[in-house]
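For reference, the chains in residue letters:
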There are 2 protein chains.
Amino acid sequence: MIRPFILSASMTKFGKLQESGRNLAVSAAKEAIEKAGISAKEIQLTIVSNAFGFLENQIHIGPIVNTSLGIPEVPSLTVESACSSSSGALREAFVNVAGGFYDVVLVVGVEKLSHVSTMESTTYFSMGSDYPYEAIAGATFPGLYATIATAYMNEYKKSDEILGAVALKNHHNALSNPKAHIRKEISYEDYKNSKVIAYPLKLYDACPFSDGASAALVVSEEYAKKHTDVLISIEASTRAGSTAALQDRSDLTTIPGARIAAKKAFEDAGITPKKISFSEVHDCFTIAEIVALEDIGFFPKGEGGKGAIEGDTQRDGKIPINVSGGLKAKGHPVSATGLAQVAEVYEQMTQNANGRQLSNTEYALTHNVGATGGSVSIHIFRRVR
Amino acid sequence: MIRPFILSASMTKFGKLQESGRNLAVSAAKEAIEKAGISAKEIQLTIVSNAFGFLENQIHIGPIVNTSLGIPEVPSLTVESACSSSSGALREAFVNVAGGFYDVVLVVGVEKLSHVSTMESTTYFSMGSDYPYEAIAGATFPGLYATIATAYMNEYKKSDEILGAVALKNHHNALSNPKAHIRKEISYEDYKNSKVIAYPLKLYDACPFSDGASAALVVSEEYAKKHTDVLISIEASTRAGSTAALQDRSDLTTIPGARIAAKKAFEDAGITPKKISFSEVHDCFTIAEIVALEDIGFFPKGEGGKGAIEGDTQRDGKIPINVSGGLKAKGHPVSATGLAQVAEVYEQMTQNANGRQLSNTEYALTHNVGATGGSVSIHIFRRVR
């Protein structure tokens with residue numbers, strides 16, 4: 001197997017943006033190409049994610065990105081896996097490079113949602129659930145994650161204090177990220193007083209609907225060594241699933257696919273969770289971060305909320321989590337999220353995370369969840385030199 | 001590289017169906033698994049294509065298929081590439097097996113369209129074009145392919161006789177395919193008298209909007225040898241692109257991506273077009289078949305229409321084309337089309353194409369086009385034993 005490397009990664013500002021999805025995608029792609037210092041002509045395959053492209057009447061966005069980059073002859077593909085779309089695309093890029101099929105693969109994630117209302121966005125998002133059994137019954141994602149939160153808080157006798165701590169931490173982290181959607185410090189009172197959107201989840205438990213794009217260049221080891229001094233290898237790229245509907249699971253306090261993918265990722269990387277320097281995890285709702293930390297193995301079951309309260313997952317803690325602000329505050333442009341996590345890893349490992357730079361950046365882990373875990377991707381990166 | 005094989009392939013009946021897309025997808029998957037005589041538990045990765053799933057409010061269909069098959073933990077992915085979606089999925093399955101990542105990959109293509117009107121379907125399809133520059137200007141796919149037909153007929157001084165001959169051939173072929181959407185012989189008079197939908201294209205130049213699903217199991221050589229006596233190898237799996245919009249091309253009588261993908265496919269397979277026993281090509285409109293035959297290299301430029309008139313591309317001709325009835329008459333459930341071509345290859349190579357069985361089935365080529373060629377996939381299959 002050829003070891004794939006991240007030659008560069010980028011993201012646009014996240015938020016309510018005026019640009020079209022296609023323009024955002026091309027911007028992110030061009031920034032990744034520019035950072036890598038290569039010509040677009042070097043790209044051999046383009047994989048794009050844009051789950052809700054139909055909201056702009058545009059599917060089949062790969063040829064549009066490639067035509068804009070001046071490489072229309074290059075094959076392209078769109079990969080969708082709900083909120084884990086672009087980490088799914090990253091996995092395919094990994095496979096294409098590791099298998100020796102290509103040396104240079106461009107991966108792009110993009111979403112444009114702000115031209116539809118929040119109510120409509122919630123409805124569109126629910127297409128990622130087991131629609132006839134969940135959404136039609138009224139269970140959109142706030143409701144589904146509220147069900148997970150209720151089960152978790154009941155099982156481990158926790159109050160919403162743990163949720164609030166995650167919200168405060170990630171809002172605080174986003175203050176240092178100029179590309180974050182929401183850059184606003186919140187107090188525990190603000191959190192407690194925010195309106196309930198699906199009990200026990202409040203507004204400040206939820207990530208915003210964002211527009212944005214992200215991109216990365218995944219290249220072979222040989223190509224990376226020729227084109228950069230900072231070598232970031234992909235030590236593991238794993239994916240696994242869970243039942244499409246929450247109702248078919250025996251335990252709601254864990255996401256089975258996340259446990260499987262994490263276990264395999266640590267095996268592939270040959271390390272334990274303790275080795276990870278920092279991690280970006282899928283906090284579409286605060287409860288999701290807590291469950292993620294346990295599923296990955298950073299904390300034992302029932303203790304995933306401790307980190308934000310006691311400080312271990314804060315930026316200066318033992319295992320900084322979502323130093324970018326996470327989905328919660330950096331924003332969640334569905335198909336751009338997985339690669340935005342990689343963009344944060346890249347900024348940190350290249351020592352360009354101004355204002356939020358971590359000192360230890362040898363190993364990073366990204367955790368990206370589609371729907372309530374029907375799909376989960378885990379990637380482990382290492383700064384080799 | 002590990003050589004990937006087609007262990008089995010299947011398709012549902014194509015047409016206006018009552019079943020939901022998800023049920024059609026599961027039906028096709030189960031049929032492929034049953035034909036292979038393996039347990040679903042053997043599947044290690046599922047790749048699904050369903051470009052217009054949002055018309056049923058369902059994206060992220062992989063976990064739904066896997067949950068229905070009793071394998072929720074298996075990773076899944078949705079791949080979209082407009083009308084070439086499921087051949088794009090097949091390419092990723094090829095890469096995953098050839099690269100040694102998995103031994104057994106399930107690929108599924110599905111589309112459900114008949115619950116929306118023909119006018120709406122035309123609009124939705126146009127999302128696959130360069131929407132703001134083509135569809136908004138009024139150029140939906142009938143118009144874009146009419147532009148190609150006009151350019152072609154002008155360049156090579158041809159009348160619609162060549163288009164009519166393709167229509168008659170493929171309608172005739174579909175009579176022998178019980179799964180075809182349109183099983184109706186048409187005369188040249190019927191063709192000439194059918195209404196113009198986008199000059200010079202008439203109704204009988206166009207494929208129908210169909211519902212349907214298709215599936216295949218892509219496996220490693222070792223796995224195939226253990227589980228079947230009929231060994232069908234994938235000798236080549238190539239993809240290439242063209243500009244997203246037709247207006248950016250210098251020559252409208254050819255699809256650049258098809259030429260690139262075909263050339264590479266023959267190189268990879270180590271054969272010339274003359275070696276191909278039969279082929280399923282992308283005839284969304286009659287003109288598309290003619291251009292395809294030239295792009296692949298079966299006929300010189302300007303002579304792609306000869307085959308249907310003189311008999312070379314008829315079922316008993318030198319190079320039978322679309323013996324299944326093609327998109328034109330078998331039907332075109334967008335994301336099911338690429339794998340339905342593979343289902344025909346499988347039926348022919350396993351000698352199960354009752355009523356339309358060809359005698360020479362050693363080599364087959366499938367050609368699947370997304371939009372007007374923004375994406376093109378070519379696959380070459382060989383019956384090894």
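Residues numbered from 1 in each chain as written. Chains lettered and ligands numbered in written order. Predicted model: local features only at pLDDT ≥ 70, side-chain atom pairs only at ≥ 80, totals over all residues. Heavy atoms only, no water.

A. Seen up close, the side chain of Ser279(B). Its place among the elements puts Ser279(B) in strand E9 (residues 278-280). Here the side chain of Ser279(B) touches Leu365(B) through a polar contact of 2.8 Å, landing on its backbone oxygen. (Helix = DSSP H or I, 4+ residues; strand = E, 2+ residues; numbered from the N terminus. Polar contact = N/O pair within 3.5 Å; in protein donor to acceptor, adjacent residues only side chain to side chain.)

B. Inspection of the interface of chain A and chain B at higher detail. Listed as interface residues are 52 residues of chain A and, on the opposing side, 53 residues of chain B. Together chain A and chain B conceal approximately 4200 Å² of surface at their shared face, both sides included; 58% is due to carbon and sulfur atoms. At the junction of chain A and chain B, the tally comes to two salt bridges. We note a salt bridge from Arg22(A) to Asp130(B), for which the minimum N-O separation is 2.7 Å. Inspection of the chain A/chain B interface yields 30 residue pairs in polar contact (both at pLDDT 80 or more). For the side of chain A that touches chain B, the secondary structure elements donating two or more residues are helix H2 (62-68), strand E3 (76-80), helix H3 (85-98) and strand E8 (232-241) of chain A. Examined bridge by bridge, E3(A) and strand E3 (residues 76-80) of chain B share three bridges and lie antiparallel to one another. Note that in E3(B) the partner of Val79(A) across the bridge is Val79(B). (Contact = heavy atoms within 4.5 Å. Buried area = accessible area lost by both parts, 1.4 Å probe. Salt bridge = Lys/Arg side-chain N within 4 Å of Asp/Glu carboxyl O. Pairing = 2+ DSSP bridges.)

C. Representation of the pattern of salt bridges within the structure. Within the structure shown, the criterion is met by 36 salt bridges over all chains. Between Lys202(A) and Asp160(A) there is a salt bridge, with its nearest N and O atoms 2.7 Å apart. With a gap of 42 residues between them, Lys202(A) in strand E6 (residues 201-202) and Asp160(A) in the loop between helix H5 (141-155) and helix H6 (161-174) connect regions that are remote in the sequence. Per residue, the accessibility class of Lys202(A) equals that of Asp160(A), and both read buried. Where Asp295(B) meets Arg259(B), a salt bridge forms, and the shortest distance between an N and an O atom there is 2.9 Å. Of this pair, Asp295(B) sits in helix H10 (residues 286-296) while Arg259(B) sits in helix H9 (residues 256-269), and the two are 36 residues apart along the sequence. For Asp295(B), a relative accessible area of 6% corresponds to the buried category. With a relative accessible area of 32%, Arg259(B) lands in the partly exposed category. Where salt bridges share partners, they join Glu31(A), Lys35(A), Lys179(A) and Glu347(A) into one cluster. (Buried < 20%, exposed > 50% of the residue type's maximum accessible area, 1.4 Å probe, protein only.)

D. Quick peek at unusual backbone geometry. Residues and elements named next belong to chain A. A cis amide bond links tyrosine 199 with the next residue in sequence, proline 200, at an omega value of 5°. Checked against the element boundaries, proline 200 lands in the loop between strand E5 (196-198) and E6. Backbone geometry at asparagine 322 places phi at a positive 55°, although glycine is not the residue there. Assignment of secondary structure puts asparagine 322 in the loop between helix H11 (306-310) and helix H12 (326-330).

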